[in-house]
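# Structural characterization, general
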Amino acid sequence: MTTAQTREPSRDLHTRGEPGRSRGRPISEPRTHGRGRRRIGRWAQTLALGALGLLWIYPLLWVLAASFKDSLDIFSGGLGLLPDSWHPENYLRAWRDANFSGYMLNTVLITAGSIVLVVVRCAMAGYVIARFRFLGRRVVLAVLVATMFIPTGLFVVPVVELSDLLGLLNTRTGLVLAIAGGGNVAAVLLYVGFFSRVPKELEEAAVMDGAGFLRVFFRIMLPLSGPVTATVVVLTFLSSWNNFFLPLVFTFSTPQNRTLAVGMMAFQGTNSTDWAGLAAAASISLVPIVLLFLLLQRYFVEGIAGAVKN
């Protein structure tokens, strides 16, 4: 026992003295080459993503540059961005002469009304589907998902006929109801995914305090769904702001109710097209979209990530 005890420290000392050789591991090498390769890789990724981003945003930059050119310069300049001569009067012609000031007001009112209706309706539908177990719940979800594959053009004729029967055709109110009355399946599913993960103790505590269904929904559940609501707002805004077919049908006999998307047709004549004015009008219509996305970008990403998170 004494001999074994005296040999163990010698082996421990040998192991501590040369840990790399005794344990069969190679001695660590300098990491400068690895760091250099990672740095080169990051630079290559940055350059590739920068080139891809420039390629993605170039059409927008070209339209913005074309809005300061004349029609001849647009065709002679090709893909160039800088105009030979600046023409800011294109914006004045689009805003005043083409009545884009009125079209902008119509578009803002119609889009705002559509957003309010879509958020309240889809949030309440998603809350009921996610929190209540009722007969036919899975059937309702299956029908909602199935409607995503039906072309939207098939619903135009019934919507127009119903609006005509209700006396809402050729009115902004009818157009708001027509745009907001769609399935909006993506918005409903986003709310379903979010509300299904909210703890039930919040509702139970509110019910014990005497809160009813509407109070629980509007005071507790809807404020909690802020990121998802921001995502739905962005999606609804894009859909309503860029909608062309329904506003065209609903404002066919009332040009004063036209939206920006329909109003751009004023620059296209029978024999010629005012391309410079059209580019200025397109730039005007894009400004609110870019500003809204920049303001709600963080909430938009959080809403998508929170709704699909398991």
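Predicted, not measured: the structure shown is a model, and the values here were computed from it.

Turning our eyes to something else, we now look at a positive patch on the surface. Taken together, the side chains of Arg35, Arg37, Arg38, Arg39 and Arg42 present a region of like positive charge at the surface. Tracing the sequence through the fold places Arg39 in helix α3 (residues 32-66). For Arg39, a relative accessible area of 51% translates into the label exposed.

The interhelical angle for the contact between helix α10 (residues 185-195) and helix α13 (residues 226-241), taken along N-to-C directions, is 175°, at an axis separation of 10 Å. The pairing of α10 with α13 is recorded here as roughly antiparallel in orientation. Facing α10, whose interface residues are Ala187, Leu190, Tyr191 and Phe194, α13 presents Val228, Thr229, Thr231, Val232 and Leu235. Class assignment of the residues belonging to the contact of α10 with α13 gives a composition of seven nonpolar, two polar and no charged.

What follows concerns the layout of surface pockets. By volume, the largest pocket amounts to about 920 Å³. Surrounding the largest pocket, 31 residues form its lining, Thr152, Ile179, Gly182, Gly183 and Asn184 being those nearest its centre. Counting only elements with at least two residues in the lining of the largest pocket, the list comes to α8 (156-165), α9 (172-180), α10, α13 and α14 (245-250). In this model, the second largest pocket occupies a volume close to 210 Å³.

In a regular helix each residue adds 1.5 Å, so 16 residues correspond to 22 Å; α13 covers 22 Å between its end C-alpha atoms and thus fits that length. Listed in full, the buried residues belonging to α13 are Val228, Thr229, Ala230, Thr231, Val232, Val233, Val234, Thr236, Phe237, Ser240 and Trp241.

Overall, the predicted model of the chain reaches an average pLDDT of 81, with 85% of residues at or above 70. A low-confidence stretch, residues 1-22 (pLDDT under 50), is modelled with three contacts involving residues beyond four sequence positions or located in other chains.

Right, let's talk about the packing of helix α6 (residues 100-131) against α10 for a bit. Following both chains from N to C, one finds α6 and α10 inclined at 45°, their axes separated by 8 Å at the closest point. Classed by the angle they form, the pair α6 and α10 counts as oblique. By crossing handedness, the relation of α6 to α10 is classed as right-handed. Along its contact with α6, which presents Val119, Cys122, Ala123, Ala125, Gly126, Tyr127, Ile129, Ala130 and Arg131, the element α10 presents Ala187, Val188, Tyr191, Val192 and Phe195. Residue classes in the contact of α6 with α10 are distributed as twelve nonpolar, one polar and one charged.

Reading the values: rules and limits
- Residues numbered from 1 in each chain as written.
- Predicted model: local features only at pLDDT ≥ 70, side-chain atom pairs only at ≥ 80, totals over all residues.
- Heavy atoms only, no water.
- Patch = residues over 30% accessible without salt bridge, like charges linked within 9 Å, V, L, I, M, F, W, Y side chains within 5 Å.
- Areas by Shrake-Rupley, 256 points an atom, 1.4 Å probe, with all protein chains shown as cover.
- Salt bridge = Lys/Arg side-chain N within 4 Å of Asp/Glu carboxyl O.
- Lys, Arg positive; Asp, Glu negative; His and termini not counted.
- Charge placed at Lys NZ, Arg CZ, Asp CG, Glu CD.
- Helix = DSSP H or I, 4+ residues; strand = E, 2+ residues; numbered from the N terminus.
- Buried < 20%, exposed > 50% of the residue type's maximum accessible area, 1.4 Å probe, protein only.
- Axes fitted to C-alpha atoms, helices over the stretch in contact; angles between N-to-C directions.
- Parallel < 35°, antiparallel > 145°, perpendicular 65-115°, else oblique.
- Contact = heavy atoms within 4.5 Å.
- Nonpolar A, V, L, I, M, F, W, Y, C, P; charged D, E, K, R; others polar.
- 1 Å grid on protein atoms, 1.4 Å probe; cavity = no way out; pocket = protein on both sides within 12 Å on 5 of 7 lines; lining within 4 Å.
- Points joined across faces, edges and corners; volume = space filled by probe spheres on them.
- Expected span 1.5 Å × (residues − 1).
- pLDDT = per-residue confidence, 0-100.
- Left-handed = near helix turned anticlockwise from the far one by under 90°.

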